[in-house]
Amino acid sequence: MVQSVNKQISLESASNYFFNGMSLMVGGFGGVGAPPSLVNLILEKGIQDIFLISNDTGFPWIGPGKLITEKRVKKLIASHIGSNPEAGKQMQEGSLEVEFVPQGTLAEKIRAGGMGLGGILVDVGLGTVVEAKKEKIFVDKKEYMIETALTADVSIVYAKKADLYGNLIYDKSARNTNPLVATAGQITIAEVEEIVPVGSLDPEEIITPGVFVDYIIQSKGVDWKWVWELKQDKESQEGQHSK
């Protein structure tokens, strides 16, 4: 009888795969869909000099933004950093190297890395500073830049549900970049809200096949508050003080 593969490990065991100077790819969009327990683990283990690849830098206290705020990142590839003032500050100071990539191009570079391709052809940015130092090519008399694929030593993603083999289901818009990021890590670790036995998931609902996932860990849950929640808390406190 063939035994099912069990990819679930403890959070402490997951720490063995993080190291100083690693390239780290993080799923999520503005913090939504970012893996909170794994981000906190990286902070707790004192990992530093990270080369971070992420759609954005979240907020200072949310998602990968925590790594920026705690100055654990030395280089960043992202589509924008506007929601995290700390990232902009470090960039201006010169302590954080930032490479901006258009969001669609960034997604495709990650997808290419996950599929084993060398890169993609894009025309977005031709004739601008973006094309500096980029190799160019003509296809059917049209000019393109060659954008190299992106991979990472470790990819971390967040999912709503997984079976023990690592098949993943995401929660609505929290899916965002996670399926792409999950394919592009030399090691991919998925933080999951609910873990179920193999065979429990509807195959039609699975977004990321378990073949792309090396390990899964049980999430401790989201430990931050969103801007609107903080605003509600502030208004509530002010209301109580006025009574």
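These notes cover the structure that comes with them. The model shown is predicted, which means the values in this text are computed figures rather than measured ones.

With respect to the overall build of the chain
Along the backbone of the chain there are seven helices and eleven strands. At 19 Å, the chain has a C-alpha radius of gyration in line with the 18 Å of a compact globule built from 243 residues. Its C-alpha atoms give the chain principal-axis dimensions of roughly 65 × 65 × 35 Å. A separation of at least 24 residues holds for 71% of the contacts in the chain among residues at least 6 apart in sequence. When the accessible surface of the chain is summed, it comes to about 12,500 Å², and 51% of that surface belongs to carbon and sulfur atoms. The chain carries 24 positive and 31 negative side-chain charges, and their two centres are separated by 3 Å.

Re the layout of surface pockets
Roughly 200 Å³ of internal volume is contained in the largest pocket. Considering the residues around the largest pocket, the lining is formed by Glu99, Phe100, Val101, Pro102, Thr105, Val122, Val124, Val129, Val130, Ala132, Lys134 and Glu147.

Comments concerning the side chain of Thr105
Here Thr105 lies in helix α5 (residues 103-114). Overall, the relative accessible area of 7% leaves Thr105 in the buried class. Setting aside anything within four residues of it in sequence, one finds Thr105 in contact with Ile120, Val122 and Glu147.

Let's talk about a nonpolar patch on the surface
Taken together, the side chains of Val5, Tyr165, Val198 and Val211 present a nonpolar region at the surface, about 340 Å² in accessible area. By the secondary structure assignment, Val5 is in the segment before α1 (11-14). What makes Val5 partly exposed here is its relative accessible area of 46%.

Some thoughts on the nonpolar core
With 28 residues, the main nonpolar core has Phe18, Leu24, Leu38, Ile42 and Ile156 as its most contacted residues. Of all elements in the fold, only α1, β1 (23-26), α2 (36-44), β2 (50-54), α3 (65-69), β3 (73-78) and β8 (152-163) reach the threshold of two or more residues within this core. Residue contributions to this core peak at five residues, all from α2. Each residue touching Leu24, except ones within four places of it in the same chain, is listed here: Phe18, Ile42, Ile50, Phe51, Leu52, Ile53, Leu67, Ala152, Val154 and Ile156. One finds Ala152, Ala159, Ile195 and Val213 within the second-largest nonpolar core, a separate group that totals 21 residues.

Conventions and cut-offs
- Residues numbered from 1 in each chain as written.
- Predicted model: local features only at pLDDT ≥ 70, side-chain atom pairs only at ≥ 80, totals over all residues.
- Heavy atoms only, no water.
- Helix = DSSP H or I, 4+ residues; strand = E, 2+ residues; numbered from the N terminus.
- Rg over C-alpha atoms; globule rule 2.2 N^0.38 Å.
- Contact = heavy atoms within 4.5 Å.
- Areas by Shrake-Rupley, 256 points an atom, 1.4 Å probe, with all protein chains shown as cover.
- Lys, Arg positive; Asp, Glu negative; His and termini not counted.
- Charge placed at Lys NZ, Arg CZ, Asp CG, Glu CD.
- 1 Å grid on protein atoms, 1.4 Å probe; cavity = no way out; pocket = protein on both sides within 12 Å on 5 of 7 lines; lining within 4 Å.
- Points joined across faces, edges and corners; volume = space filled by probe spheres on them.
- Buried < 20%, exposed > 50% of the residue type's maximum accessible area, 1.4 Å probe, protein only.
- Patch = residues over 30% accessible without salt bridge, like charges linked within 9 Å, V, L, I, M, F, W, Y side chains within 5 Å.
- Salt bridge = Lys/Arg side-chain N within 4 Å of Asp/Glu carboxyl O.
- Core = buried A, V, L, I, M, F, W, Y, C linked by side-chain atoms within 4.5 Å.

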